[in-house]
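# Tertiary structure, described
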Amino acid sequence: MPRTVRDVVFVDGVRTPFGKAGPKGIYNGTRADDLVVKAIRELLRRNPDLDPAKIDEVAIAATTQIGDQGLTLGRTAGILAGLPQSVPGYSIDRMCAGALTAVTAVAGGVAFGAYDVALAGGVEHMGRHPMGEGVDPNPRFVSEKLVDESALFMGMTAENLHDRYPTITKLRADEYAVRSQEKAAKAYADGKIQQDLVPISVRNTNEAAGETGWGLVTSDEPMRPGTTLENLAGLKTPFRTHGRVTAGNAAGLNDGATAAIIASEDFARENNLPVKMRLVSYSFAGVEPEVMGYGPIPATEKALAQAGLSIEDIGLFEINEAFAVQVLAFLEHYGIADDDARVNQYGGAIAFGHPLASSGVRLMTQLARQFEEQPHVRYGLTTMCVGFGMGATVIWENPNFNAEGDSK
């Protein structure tokens, strides 16, 4: 019996505040799975009309799936969050695009009819599990020159991308980074970010500094408001002598978790759940691993073609800022100005942080907020580069769209 494809919607999304990885970071004494649990519980608290027993799947991403990020997180975090044992779950890995892939994976199940509603998200505790911990890359990658050795180091791939786009100078990257910090600070001041943050109780274990006891984390730790070009000009370029990539124009090493509710539109409306975004298309693409930051361009080309849209139809962009050069390469390819008002209106990962597998849902929650505020915008996209040479793009439609600019 033939099946019809159902409309898939983004119901709601939340995230923990993002922290700095390392012994001085806010989550140094907090488990990764507990961050996911808090996000899931907050989703259920915010959406009391969602019967937990009706949840069909829990997909949780992590790049480094060991320790407290292992043991099939989707299943274990669901049980820890109090979901009925009848709710299944699984783990997923597409490095930086983990949470984004978790969303598209369950969305495919919803569209096909296998699920009515599912939870999707991601976590990365880079303080406990640095990127690459425990991995053993096959020596053939380098010995047989399948990839250049720089493909294994994200900062080096960003330098390679600068080489490919010689017009993207260090100054342009620094200028972009300053704007990201300024937009993030303004978004906080305007109350745009806090609405989707889950306060996290943490135990400070930095005994050497005399800092112990419990605290409550309510904001992102990596932000550097007041950053200036002068501040950034003198930073070291650790990936290449006289390079262009610095700690100031790239996302840092971070900890954090995200979670979202994905459902069929019919299920959402029948169960009195919000419909914040409607899925239009999604696509993944591979590129040379040495220039992985280029990945969002072919992924976006594929997603636009699937949707029958052009880049001119996109009214809002949420582009993950793994590195400033990666965003600028995307914008340059499409002839979009570095400071285009449609791009990352609330700031991006350079300010908030980028806990790898969790970041995709952060992009979605921010886009959903902007859709709500801007009913004249019909389409937006979330896109990111992915380690080892990939890109990921999801195109969304604004359910509040009204050509006259008035909310329905």
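Residues numbered from 1 in each chain as written. Predicted model: local features only at pLDDT ≥ 70, side-chain atom pairs only at ≥ 80, totals over all residues. Heavy atoms only, no water.

### Considering helix H9 (residues 296-307)
Along its twelve residues, H9 runs 16 Å from first to last C-alpha, staying within 8% of the 16 Å computed at 1.5 Å per residue. When H9 is considered as a whole, its buried residues turn out to be Pro296, Ile297, Pro298, Ala299, Thr300, Ala303 and Leu304. If you follow the buried residues of H9, they end up packed against strand E9 (277-286), strand E10 (314-319), helix H10 (324-333), strand E11 (379-386) and strand E12 (390-397). (Helix = DSSP H or I, 4+ residues; strand = E, 2+ residues; numbered from the N terminus. Expected span 1.5 Å × (residues − 1). Buried < 20%, exposed > 50% of the residue type's maximum accessible area, 1.4 Å probe, protein only. Contact = heavy atoms within 4.5 Å.)

### Observations regarding empty space enclosed by the protein
Applying the stated criterion to the full structure yields one cavity of 30 Å³ or more. Here the largest cavity is characterised by a volume of approximately 60 Å³. Lining the largest cavity are Arg15, Lys192, Ile193, Asp196, Leu197, Tyr346, Thr365, Gln366 and Arg369. The biggest single contributor to the lining of the largest cavity is helix H12 (residues 359-373), with three residues. For the lining of the largest cavity, a count of residues per class yields three nonpolar, two polar and four charged. (1 Å grid on protein atoms, 1.4 Å probe; cavity = no way out; pocket = protein on both sides within 12 Å on 5 of 7 lines; lining within 4 Å. Points joined across faces, edges and corners; volume = space filled by probe spheres on them. Nonpolar A, V, L, I, M, F, W, Y, C, P; charged D, E, K, R; others polar.)

### Topic: the layout of surface pockets
When its volume is computed, the largest pocket comes out at roughly 1100 Å³. Every residue lining the largest pocket is counted, 40 residues in all, and those nearest its centre are Met126, Met131, Met154, Leu253 and Leu356. Split into classes, the residues belonging to the lining of the largest pocket amount to 27 nonpolar, ten polar and three charged.

### Some points on the nonpolar core
One recurring pattern in soluble globular proteins is that nonpolar side chains are buried together. Phe10, Leu100, Met277, Met364 and Trp396 are the most contacted members of the largest nonpolar core, which totals 40 residues. When residues in this core are grouped by element, the largest group, eight residues, is from helix H3 (residues 98-112). The next biggest cluster of nonpolar side chains, apart from the first, holds 39 residues, and it includes Tyr176, Ile297, Phe323 and Phe330. (Core = buried A, V, L, I, M, F, W, Y, C linked by side-chain atoms within 4.5 Å.)

### Points about the pairing of strand E1 (residues 8-15)
Residues in a regular strand project their side chains so that they alternate between the two faces of the sheet. Counting buried residues along E1, eight of its eight residues qualify, which places the element largely inside the surrounding structure. Note: E1 against strand E8 (residues 254-264), seven bridges, orientation antiparallel. By the bridge assignment, Arg15 is partnered in E8 with Thr258. Relative to E9, E1 runs antiparallel, the two sharing two bridges. Each bridged residue has a counterpart across the sheet, and for Val9 the counterpart in E9 is Arg278. (Pairing = 2+ DSSP bridges.)

### Concerning unusual backbone geometry
Note: most residues except glycine have negative phi, and most peptide bonds are trans. Of note, His242 is a non-glycine position whose phi angle comes to about 55 degrees, a positive value. Tracing the sequence through the fold places His242 in the loop between helix H7 (229-233) and E8. For Phe388, which is not glycine, the phi dihedral falls at a positive 65 degrees. Here Phe388 falls in the partly exposed class, since its relative accessible area comes to 29%.

### Details of the pattern of salt bridges
Applying the stated criterion to the full structure yields 25 salt bridges. Note that Asp12 is salt-bridged to Lys276, the shortest N-O span being 2.8 Å. Taken together, the positions of Asp12 in strand E1 and Lys276 in the loop between helix H8 (265-270) and E9 put the pair 264 residues apart, joining distant regions of the chain. Owing to a relative accessible area of 3%, Asp12 belongs among the buried residues under this scheme. Ionic pairing is found between Glu372 and Arg369, a salt bridge with its closest N-O pair at 3.4 Å. (Salt bridge = Lys/Arg side-chain N within 4 Å of Asp/Glu carboxyl O.)

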